[in-house]
Amino acid sequence: MSNFASGHVEHLAAVLKAVSGFVLSPDKAYLIEPRLAPIARKFGMNSADAVLTKLRTAPTEELIWAVAEAMSVTETTFFRDRLPFQLFREEVAPALAARRPGGKLKVWCAGVATGQEAYSVAMIGLALPNVNLEILATDFSQRCLEKAAAGVYTQFEVQRGLPVRLLVDHFEKNDELWRANARLRQAINWRKVNLMGDFRGLGQFDVIFCRNVLPYFDGDTRKATLEKLAAVLAPDGFLFLGATETAMDSPAFRPTPGRRGLYARDPEFRQAA
Amino acid sequence: MKTCLIVDDSRIIRKVARRILEELDFEVAEAADGVEALTYCRSEMPDAILLDWIMPVMDGVTFLRQLRAETGGRQPKVIFCTAETEPQRIREALAAGADEYMMKPFDGDILESKLSETGLV
């Protein structure tokens, strides 16, 4: 049952898939009304249905982006799932840094939403001796990036996954909100990058975190994205995926035994020209 | 089964915390102030203590300093659960021997997150 004019939801799904890769599955349809109502207000329309009509009949670039951002999933926490961050701190970062001049590692956090993952990685980097992280954090949503770069979180947000010692060491309290301090904020470069596009210009990375992003894509898009990620990952580099994800969609990566969510580049895989 | 002592002068907070902890398979005991809590700990050290700060008779930090000086008093994981949210207060609690610190209001996700920080779940 839909509250929207016939064909509107299907059109929205096609737009989202093209713009952000997001697959609007039927179980996500309930998100349309609450997510698009604020867009309607912002653009001076009276309902989510009106937004969908405009999206079909006279879409502007601005409206398309506003809708894609509003429909994206931004729920995340600091040190989400814990284990990947432990692997990064105890194994991946020290081992790779030992092979790099000055211990310098380029890390890409792809699809960071509101930034907790990038700050988690940065806090690890600041605490590790002989490891010098250069962190790029990206998202397709300008709105998310602005919040992430500001580094301001509610009391609820800073209590999910963030040990209190790290909170008092790296955050400052302003009224009821907590803000990442200047040293932590300066450890991260923020940039708008759409994984649907060509991102070879970003250079080569030693470690890529792309967690809880690919499940929202369809199989072909996941495969293509994994292969594009492989192309910007150093041959001895590592990819972290989310706790429920695998890289089985593509031969570009192989799992590392006993380390769930951690993938290495498969040396047998050759990039298509 | 792990045991958790809830130390809070508010019956409502104790009730809310008890429900969450029992869902996480803890055996729960309650104390309404620091003196009651010390009495409990002297007979049986719990695995975890959820500790309010501002309480009548004996406050949370005073209790914690005394607990840590008792025989076996370093063993329980102590998580503050308080409306005190200033960084200076948090540092004071950590210096007194707290393992984690939870600012009220809290929910089940936050309590579970704090328990897992201390290795209890």
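Now for a description of the structure that goes with this document.

1. Structural notes on the pairing of strand β5 (residues 177–180) of chain A
All names here are of chain A.
Right, so step 1: What you see with β5 is a clean split: Trp178 and Ala180 sit on the buried side and Leu177 and Arg179 on the side with no burial.
Right, so step 2: Inspection of the sheet shows strand β3 (residues 152–153) paired to β5 by two bridges, in the antiparallel sense. Across the sheet, residue Tyr153 finds its bridge partner in β5, namely Trp178.
Right, so step 3: Sheet topology note: the strand β4 (residues 171–174)/β5 ladder contains four bridges and is antiparallel. When the sheet's bridge partners are listed, Glu172 is paired in β5 with Arg179.
Right, so step 4: Hairpin connection of β4 to β5: two residues between the antiparallel strands, including Asp175 at a positive phi of 50°.

2. Side note on the sheet that holds strand β2 (residues 26–31) of chain B
Residues and elements named next belong to chain B.
Right, so step 1: In spatial order, the strands read β2-β1-β3-β4-β5; together these five strands make up an open sheet with parallel pairing. What marks the edges here is a single partner per strand, and that holds for β2 and β5 (100–103). Along the sheet, successive strands turn relative to each other by an average axial angle of 20°, direction set aside.
Right, so step 2: When strand β4 (residues 77–82) meets β5, the two strands line up parallel, connected through four bridges. Bridging from a neighbouring strand, Phe80 pairs with Tyr101 of β5.
Right, so step 3: The sheet strands contacting helix α1 (residues 11–23) are β1 (2–7), β2 and β3 (48–51), and the helix crosses β2 at an angle near 165°.
Right, so step 4: The sheet strands contacting helix α5 (residues 108–117) are β4 and β5, and the helix crosses β5 at an angle near 170°.

Reading the values: rules and limits
Residues numbered from 1 in each chain as written. Chains lettered and ligands numbered in written order. Predicted model: local features only at pLDDT ≥ 70, side-chain atom pairs only at ≥ 80, totals over all residues. Buried ≥ 20, exposed ≤ 12 C-beta atoms within 10 Å, placed from the backbone. Helix = DSSP H or I, 4+ residues; strand = E, 2+ residues; numbered from the N terminus. Pairing = 2+ DSSP bridges. Axes fitted to C-alpha atoms, helices over the stretch in contact; angles between N-to-C directions. Contact = placed C-beta atoms within 7 Å.

Purely geometric stuff here, so don't read any function into it on its own.
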